[in-house]
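Observations on the model geometry
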Amino acid sequence: MGIRISKRIRRLMTSLLVISTIFASAYLLGWSSLLSVSQVSVSGSSAVNLVLSELSKNGIEPKIGDQLARVDVRSIKRTLNQLDWISDSDVSRNWFDKKLSIVVQERVAIAKTISAQNLSLNFDSKGFIFTPTSPKQLVAQSALPSVTSQSPSNGDLTSIAALLEQIPADLRYLLSDLESISITKSSFILMDTRHNSSALRINWGGATDIGQKSKVLAALLKLPENKGIKQVDLSQPDSPIVS
(Lines give C-alpha, C1' and ligand atoms only; values in the text may rest on other atoms or scores of the structure.)
Protein backbone atom coordinates (compact mmCIF):
# COMPACT_ATOMS: atom_id res chain seq x y z
CA MET A 1 0.00 0.00 0.00
CA GLY A 2 2.85 2.34 0.92
CA ILE A 3 4.48 1.82 -2.49
CA ARG A 4 1.22 2.63 -4.30
CA ILE A 5 0.82 5.89 -2.36
CA SER A 6 4.42 6.83 -3.13
CA LYS A 7 3.83 6.39 -6.88
CA ARG A 8 0.68 8.48 -6.75
CA ILE A 9 2.51 11.23 -4.91
CA ARG A 10 5.31 11.19 -7.48
CA ARG A 11 2.80 11.48 -10.33
CA LEU A 12 1.01 14.30 -8.55
CA MET A 13 4.25 16.15 -7.87
CA THR A 14 5.35 15.71 -11.50
CA SER A 15 2.01 17.03 -12.75
CA LEU A 16 2.18 20.00 -10.40
CA LEU A 17 5.74 20.74 -11.53
CA VAL A 18 4.74 20.66 -15.22
CA ILE A 19 1.73 22.89 -14.60
CA SER A 20 3.81 25.31 -12.52
CA THR A 21 6.44 25.48 -15.24
CA ILE A 22 3.81 26.22 -17.88
CA PHE A 23 2.23 28.97 -15.80
CA ALA A 24 5.63 30.43 -14.93
CA SER A 25 6.66 30.48 -18.59
CA ALA A 26 3.36 32.05 -19.62
CA TYR A 27 3.75 34.74 -16.98
CA LEU A 28 7.37 35.37 -17.93
CA LEU A 29 6.54 35.75 -21.61
CA GLY A 30 3.23 37.55 -21.35
CA TRP A 31 3.25 39.68 -18.23
CA SER A 32 6.65 39.84 -16.57
CA SER A 33 8.72 42.99 -17.13
CA LEU A 34 11.78 40.76 -17.43
CA LEU A 35 10.98 40.20 -21.13
CA SER A 36 9.58 43.59 -22.12
CA VAL A 37 10.86 45.51 -25.17
CA SER A 38 13.93 47.54 -24.25
CA GLN A 39 14.70 48.87 -27.74
CA VAL A 40 13.00 49.21 -31.13
CA SER A 41 15.27 49.69 -34.14
CA VAL A 42 14.33 50.44 -37.74
CA SER A 43 17.06 50.03 -40.36
CA GLY A 44 17.34 49.96 -44.15
CA SER A 45 15.60 53.29 -44.60
CA SER A 46 15.98 56.86 -43.37
CA ALA A 47 12.18 57.14 -43.34
CA VAL A 48 11.94 55.76 -39.79
CA ASN A 49 9.11 58.11 -38.83
CA LEU A 50 7.10 57.07 -41.89
CA VAL A 51 7.51 53.40 -41.00
CA LEU A 52 6.51 53.87 -37.37
CA SER A 53 3.64 56.17 -38.32
CA GLU A 54 2.20 53.52 -40.63
CA LEU A 55 2.42 50.91 -37.87
CA SER A 56 0.82 53.33 -35.39
CA LYS A 57 -2.03 54.02 -37.80
CA ASN A 58 -2.72 50.28 -37.85
CA GLY A 59 -2.45 49.99 -34.07
CA ILE A 60 0.62 47.73 -34.15
CA GLU A 61 3.52 50.10 -33.44
CA PRO A 62 5.91 48.39 -30.99
CA LYS A 63 6.96 50.52 -28.05
CA ILE A 64 9.49 50.24 -25.26
CA GLY A 65 7.90 48.44 -22.32
CA ASP A 66 5.60 46.26 -24.46
CA GLN A 67 5.78 42.55 -23.79
CA LEU A 68 8.22 41.15 -26.35
CA ALA A 69 6.17 37.99 -26.81
CA ARG A 70 3.02 39.98 -27.52
CA VAL A 71 4.49 42.05 -30.36
CA ASP A 72 2.58 41.04 -33.50
CA VAL A 73 5.57 40.37 -35.75
CA ARG A 74 3.49 38.95 -38.61
CA SER A 75 1.14 41.93 -38.73
CA ILE A 76 4.06 44.37 -38.73
CA LYS A 77 5.71 42.58 -41.65
CA ARG A 78 2.43 42.28 -43.56
CA THR A 79 1.63 45.98 -43.09
CA LEU A 80 5.06 47.11 -44.27
CA ASN A 81 5.04 44.82 -47.30
CA GLN A 82 1.76 46.39 -48.39
CA LEU A 83 3.48 49.77 -48.80
CA ASP A 84 4.34 50.11 -52.48
CA TRP A 85 7.62 51.97 -51.83
CA ILE A 86 8.97 49.07 -49.75
CA SER A 87 10.04 45.93 -51.59
CA ASP A 88 10.55 43.71 -48.53
CA SER A 89 10.77 43.78 -44.75
CA ASP A 90 11.82 41.58 -41.86
CA VAL A 91 10.93 41.74 -38.18
CA SER A 92 12.80 39.83 -35.48
CA ARG A 93 12.98 39.58 -31.69
CA ASN A 94 16.17 39.19 -29.68
CA TRP A 95 15.19 37.52 -26.42
CA PHE A 96 18.57 38.16 -24.81
CA ASP A 97 18.82 41.87 -25.60
CA LYS A 98 15.02 42.30 -25.48
CA LYS A 99 15.37 44.19 -28.75
CA LEU A 100 12.87 44.33 -31.61
CA SER A 101 14.48 44.85 -35.02
CA ILE A 102 12.62 46.02 -38.11
CA VAL A 103 14.55 45.92 -41.38
CA VAL A 104 13.01 47.42 -44.52
CA GLN A 105 14.23 47.37 -48.09
CA GLU A 106 13.22 50.34 -50.17
CA ARG A 107 12.39 49.97 -53.85
CA VAL A 108 15.05 51.44 -56.12
CA ALA A 109 13.70 53.32 -59.10
CA ILE A 110 15.23 53.10 -62.58
CA ALA A 111 12.76 55.44 -64.32
CA LYS A 112 10.01 57.93 -63.54
CA THR A 113 6.80 59.08 -65.16
CA ILE A 114 3.71 61.20 -64.63
CA SER A 115 0.43 59.31 -64.60
CA ALA A 116 -2.78 60.34 -66.36
CA GLN A 117 -3.89 61.63 -62.93
CA ASN A 118 -0.76 63.86 -62.81
CA LEU A 119 0.85 61.75 -60.10
CA SER A 120 4.61 61.15 -59.89
CA LEU A 121 5.35 57.43 -60.26
CA ASN A 122 8.49 55.30 -60.43
CA PHE A 123 9.43 51.97 -61.98
CA ASP A 124 11.86 49.55 -60.34
CA SER A 125 13.98 47.11 -62.36
CA LYS A 126 11.27 44.44 -62.12
CA GLY A 127 8.65 46.73 -63.60
CA PHE A 128 6.86 47.39 -60.33
CA ILE A 129 5.14 50.78 -60.28
CA PHE A 130 5.33 52.72 -57.01
CA THR A 131 5.03 56.19 -55.54
CA PRO A 132 8.38 57.67 -54.42
CA THR A 133 7.96 58.28 -50.70
CA SER A 134 11.15 58.08 -48.66
CA PRO A 135 13.69 60.93 -48.59
CA LYS A 136 16.15 58.79 -50.54
CA GLN A 137 13.61 58.04 -53.26
CA LEU A 138 12.53 61.68 -53.52
CA VAL A 139 16.10 62.96 -53.79
CA ALA A 140 16.77 60.49 -56.64
CA GLN A 141 13.97 61.89 -58.84
CA SER A 142 16.05 64.54 -60.58
CA ALA A 143 18.55 61.96 -61.84
CA LEU A 144 16.03 59.41 -63.12
CA PRO A 145 15.31 58.95 -66.85
CA SER A 146 11.75 59.75 -67.86
CA VAL A 147 9.05 57.55 -69.34
CA THR A 148 6.88 59.56 -71.73
CA SER A 149 3.80 58.72 -73.73
CA GLN A 150 1.99 60.52 -76.53
CA SER A 151 -1.28 59.44 -74.94
CA PRO A 152 -0.69 58.81 -71.21
CA SER A 153 -2.80 55.99 -69.81
CA ASN A 154 -2.63 53.24 -67.22
CA GLY A 155 -2.37 50.80 -70.13
CA ASP A 156 0.90 52.43 -71.24
CA LEU A 157 2.32 52.16 -67.73
CA THR A 158 1.33 48.50 -67.61
CA SER A 159 3.11 47.89 -70.92
CA ILE A 160 6.30 49.50 -69.65
CA ALA A 161 6.10 47.46 -66.45
CA ALA A 162 5.63 44.25 -68.43
CA LEU A 163 8.69 45.03 -70.56
CA LEU A 164 10.95 45.85 -67.62
CA GLU A 165 9.85 42.75 -65.75
CA GLN A 166 10.70 40.42 -68.62
CA ILE A 167 14.09 41.75 -69.69
CA PRO A 168 16.53 38.89 -68.92
CA ALA A 169 19.61 39.10 -66.72
CA ASP A 170 22.08 39.27 -69.63
CA LEU A 171 20.44 42.48 -70.89
CA ARG A 172 19.91 44.16 -67.51
CA TYR A 173 22.90 46.44 -68.15
CA LEU A 174 20.70 48.27 -70.65
CA LEU A 175 18.53 49.36 -67.72
CA SER A 176 21.54 50.57 -65.75
CA ASP A 177 22.43 52.91 -68.62
CA LEU A 178 18.82 53.81 -69.40
CA GLU A 179 18.30 57.37 -70.66
CA SER A 180 14.60 57.39 -71.50
CA ILE A 181 11.60 55.31 -72.52
CA SER A 182 8.76 56.59 -74.68
CA ILE A 183 5.57 55.11 -76.06
CA THR A 184 4.28 56.08 -79.49
CA LYS A 185 0.62 56.51 -80.46
CA SER A 186 0.77 53.02 -81.95
CA SER A 187 1.89 51.72 -78.52
CA PHE A 188 5.44 50.94 -79.64
CA ILE A 189 7.97 51.17 -76.81
CA LEU A 190 11.17 53.08 -77.63
CA MET A 191 14.10 52.69 -75.25
CA ASP A 192 17.11 55.00 -75.36
CA THR A 193 20.09 53.47 -73.58
CA ARG A 194 23.78 52.78 -74.10
CA HIS A 195 25.75 49.81 -75.44
CA ASN A 196 29.55 49.75 -75.54
CA SER A 197 29.43 53.35 -74.27
CA SER A 198 27.49 54.43 -77.36
CA ALA A 199 23.89 55.60 -77.65
CA LEU A 200 21.44 52.89 -78.67
CA ARG A 201 17.73 53.16 -79.46
CA ILE A 202 15.66 49.99 -79.24
CA ASN A 203 12.18 49.79 -80.73
CA TRP A 204 10.58 46.95 -78.78
CA GLY A 205 7.29 47.24 -80.62
CA GLY A 206 4.43 46.28 -78.31
CA ALA A 207 4.92 44.67 -74.90
CA THR A 208 4.53 41.17 -76.34
CA ASP A 209 6.97 38.36 -77.15
CA ILE A 210 9.60 40.05 -74.96
CA GLY A 211 11.39 36.74 -74.41
CA GLN A 212 11.83 36.20 -78.14
CA LYS A 213 12.77 39.83 -78.76
CA SER A 214 15.35 39.72 -75.98
CA LYS A 215 17.03 36.65 -77.49
CA VAL A 216 17.13 38.33 -80.91
CA LEU A 217 18.55 41.52 -79.40
CA ALA A 218 21.24 39.68 -77.42
CA ALA A 219 22.32 37.78 -80.53
CA LEU A 220 22.47 40.96 -82.63
CA LEU A 221 24.53 42.83 -80.05
CA LYS A 222 27.12 40.04 -79.99
CA LEU A 223 27.80 40.17 -83.74
CA PRO A 224 31.13 41.88 -84.59
CA GLU A 225 29.53 43.75 -87.50
CA ASN A 226 27.08 45.37 -85.06
CA LYS A 227 29.77 46.83 -82.82
CA GLY A 228 28.74 50.38 -83.78
CA ILE A 229 25.01 49.67 -83.76
CA LYS A 230 22.80 52.73 -83.20
CA GLN A 231 19.24 51.45 -83.63
CA VAL A 232 17.42 48.13 -83.45
CA ASP A 233 13.83 47.61 -84.52
CA LEU A 234 12.35 44.54 -82.82
CA SER A 235 8.71 45.27 -83.59
CA GLN A 236 8.83 42.20 -85.83
CA PRO A 237 11.30 39.90 -84.04
CA ASP A 238 11.47 37.47 -86.96
CA SER A 239 12.69 40.31 -89.18
CA PRO A 240 14.71 42.71 -86.99
CA ILE A 241 16.16 45.88 -88.52
CA VAL A 242 19.59 47.13 -87.51
CA SER A 243 21.18 50.44 -88.38
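The following paragraphs examine the structure supplied in this document.

Observations regarding the overall build of the chain
Along the backbone of the chain there are seven helices and twelve strands. For the chain, the proportion of its 243 residues judged to be buried stands at 37%. In the chain, 51% of the contacts between residues at least 6 apart in sequence involve partners at least 24 apart. A total accessible area of about 14200 Å² is found for the chain, and carbon and sulfur atoms account for 55% of it.

A look at helix α3 (residues 73–81)
Helical periodicity: at 3.6 residues per turn, an α-helix aligns residues three or four positions apart in one direction. Every buried residue of α3 is accounted for by Val 73, Ser 75, Ile 76, Thr 79 and Leu 80. End-on, the buried residues of α3 take up no more than an arc of 165 degrees, which puts them together on one face. Summarising the contacts, the buried residues of α3 are in contact with α2 (48–57), β2 (86–94) and β3 (99–106).

A closer look at the pattern of salt bridges
One pass over the structure, following the stated rule, counts five salt bridges. Between Arg 107 and Asp 124 there is a salt bridge, and its shortest N-O distance comes to 3.0 Å. With Arg 107 in the loop between β3 and β4 (109–114) and Asp 124 in strand β5 (residues 120–124), this residue pair connects regions lying 17 residues apart in the sequence. We note that Arg 107, like Asp 124, is buried. Between Glu 179 and Arg 194 there is a salt bridge whose closest N-O contact spans 3.1 Å. Taken together, the positions of Glu 179 in the loop between α6 (173–176) and β8 (180–183) and Arg 194 in strand β9 (residues 189–195) put the pair 15 residues apart, joining distant regions of the chain.

Things to note about the pairing of β4
Bridging between β4 and β5 involves five bridges; their strand directions are antiparallel. Bridge pairing links Thr 113 to Leu 121 in β5. Counting the residues that bridge the hairpin from β4 to β5 gives five residues, and of these Asn 118 lies at a positive phi of roughly 65 degrees.

Observations concerning the sheet that holds β2
Strands sit in the order β1-β3-β2 across an open sheet of three strands; the sheet is mixed. Looking at which strands have only one partner, the edges of the open sheet turn out to be β1 (39–43) and β2. Neighbour to neighbour, the strand axes of the sheet diverge by 10 degrees on average, direction disregarded. Note: β2 against β3, eight bridges, orientation antiparallel. Within β3, the position partnered with Asp 90 by the bridge is Val 103. Contacting β2 and β3, α3 runs over the sheet at an angle of about 165 degrees to β2.

Quick word on the packing of aromatic side chains
Tallying each qualifying case throughout the model produces zero aromatic pairs. Positioned above the aromatic ring of Phe 128 is the side chain of Arg 107, whose terminal nitrogen or guanidinium carbon lies 3.6 Å from the ring centre.

Rules of the game
- Residues numbered from 1 in each chain as written.
- Predicted model: local features only at pLDDT ≥ 70, side-chain atom pairs only at ≥ 80, totals over all residues.
- Heavy atoms only, no water.
- Helix = DSSP H or I, 4+ residues; strand = E, 2+ residues; numbered from the N terminus.
- Buried < 20%, exposed > 50% of the residue type's maximum accessible area, 1.4 Å probe, protein only.
- Contact = heavy atoms within 4.5 Å.
- Areas by Shrake-Rupley, 256 points an atom, 1.4 Å probe, with all protein chains shown as cover.
- Arc of directions from axis to C-beta.
- Salt bridge = Lys/Arg side-chain N within 4 Å of Asp/Glu carboxyl O.
- Pairing = 2+ DSSP bridges.
- Axes fitted to C-alpha atoms, helices over the stretch in contact; angles between N-to-C directions.
- Phe/Tyr/Trp six-rings, centres within 6.5 Å; stacked < 30°, edge-to-face > 60°.
- Lys NZ or Arg CZ within 6 Å of the ring centre and 35° of its normal.

Any functional reading would require information beyond the geometric quantities listed.
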